[in-house]
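The lines below spell out each chain.
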Amino acid sequence: MTDTLGYRSIIGVMTPAMNTVVQPELESLRPPGVTNQMQRFRLGGEKISEDLDAEATRLMDCNPAALAIGLTTDAGPGGVKKLQERCRGLASSLGIPVFNASSACHEALRRLDARRISIVTPFDAATNEVVTGNAVDAGFAVAAVAGTDAPSLPEICKTSPEDIEAAFLEVAASDCDAILQVGTALPVCHLVASLETLTGKPVVACNAALYWQTLRHLGITDPIDGFGQLLAQR
């Protein structure tokens, strides 16, 4: 029998325990017939998270078609590759595809044919240098980076729309094809359409990119209006 509410697909969504942004943002993007089922994990250690595998295994009880990991690791040296390898291992052990926000952002930028990008982060200048290095390693030229300089990971969730808009305006003056936002705790999804109008640039918000990649892999191509160019495409 088909799931009554998730008759098109059930997506398992995982996010760090302190992150209060991923769950509501991905819920706002959900098309009819798709349900998101949440599980949280704690960050830390060489493996990014010591309990990610165990929590993912628990989430499998609801029989998701794919896992969407609401996490970017662009702020750590080699973090994007490390997270992708972790997701490949999970996919192999669980038997379903596993996506993450960092790799999804790069896929979304390529889909928009963006080669020279600017980046908005919730981080400070020193961390932004690491973010830049990860973007360059992924094959992108970086024109500018601006951060909102949140003092801690939990504080990222409290960043005001005004501070986010200011960071986007700062990098929009650069010569770039698109603006990338990293940091899944930074509440940007509901601002994407207005930011694209304000800056005149396509915006790839990490949570939107993660959900876009997951849906498209599952064959769900509904245009999702109100969240920018990426999700409006089939």
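Residues numbered from 1 in each chain as written. Predicted model: local features only at pLDDT ≥ 70, side-chain atom pairs only at ≥ 80, totals over all residues. Heavy atoms only, no water.

Moving on, we come to the sheet that holds strand β7 (residues 178–181). Strand order in this open sheet of 4 strands is β6-β5-β7-β8, and the pairing throughout is parallel. In this open sheet, the two edge strands, each paired with only one partner strand, are β6 (141–147) and β8 (203–205). Across this sheet, the average inter-strand angle for adjacent strands is 20°, counted without regard to direction. Bridge count between strand β5 (residues 116–121) and β6: 6 bridges; the pairing is parallel. Looking at β6, one finds that Arg-116 is bridged to Ala-141. Packed on one face of the sheet, helix α7 (residues 161–172) meets β5, β6, β7 and β8 and runs near 150° to β6. (Pairing = 2+ DSSP bridges. Helix = DSSP H or I, 4+ residues; strand = E, 2+ residues; numbered from the N terminus. Axes fitted to C-alpha atoms, helices over the stretch in contact; angles between N-to-C directions. Contact = heavy atoms within 4.5 Å.)

Strand order in the open sheet formed by 4 strands is β2-β1-β3-β4, and the pairing between neighbours is parallel. Strands at the two margins of the open sheet, each flanked by one partner only, are β2 (34–41) and β4 (98–100). Neighbour-to-neighbour, the strand axes of the sheet open up by a mean angle of 25°, direction not taken into account. Here helix α3 (residues 79–94) sits on the sheet in contact with β3 (66–69) and β4, set at roughly 160° to β4. Together, β1 (9–16), β2, β3 and β4 form the strand contacts of helix α9 (residues 206–217), whose direction differs from that of β4 by roughly 155°.

This paragraph deals with the state of the cysteines. Two cysteines, two sulfur atoms, one covalent bond between them: this is a disulfide. Per the stated rule, a full pass over the model turns up 0 disulfides. Residue Cys-176 stays outside any disulfide, its sulfur separated by 15 Å from that of Cys-105, the closest cysteine. Residue Cys-176 is classed as buried on the basis of its relative accessible area, which comes to 6%. (Disulfide = S-S within 2.5 Å. Buried < 20%, exposed > 50% of the residue type's maximum accessible area, 1.4 Å probe, protein only.)

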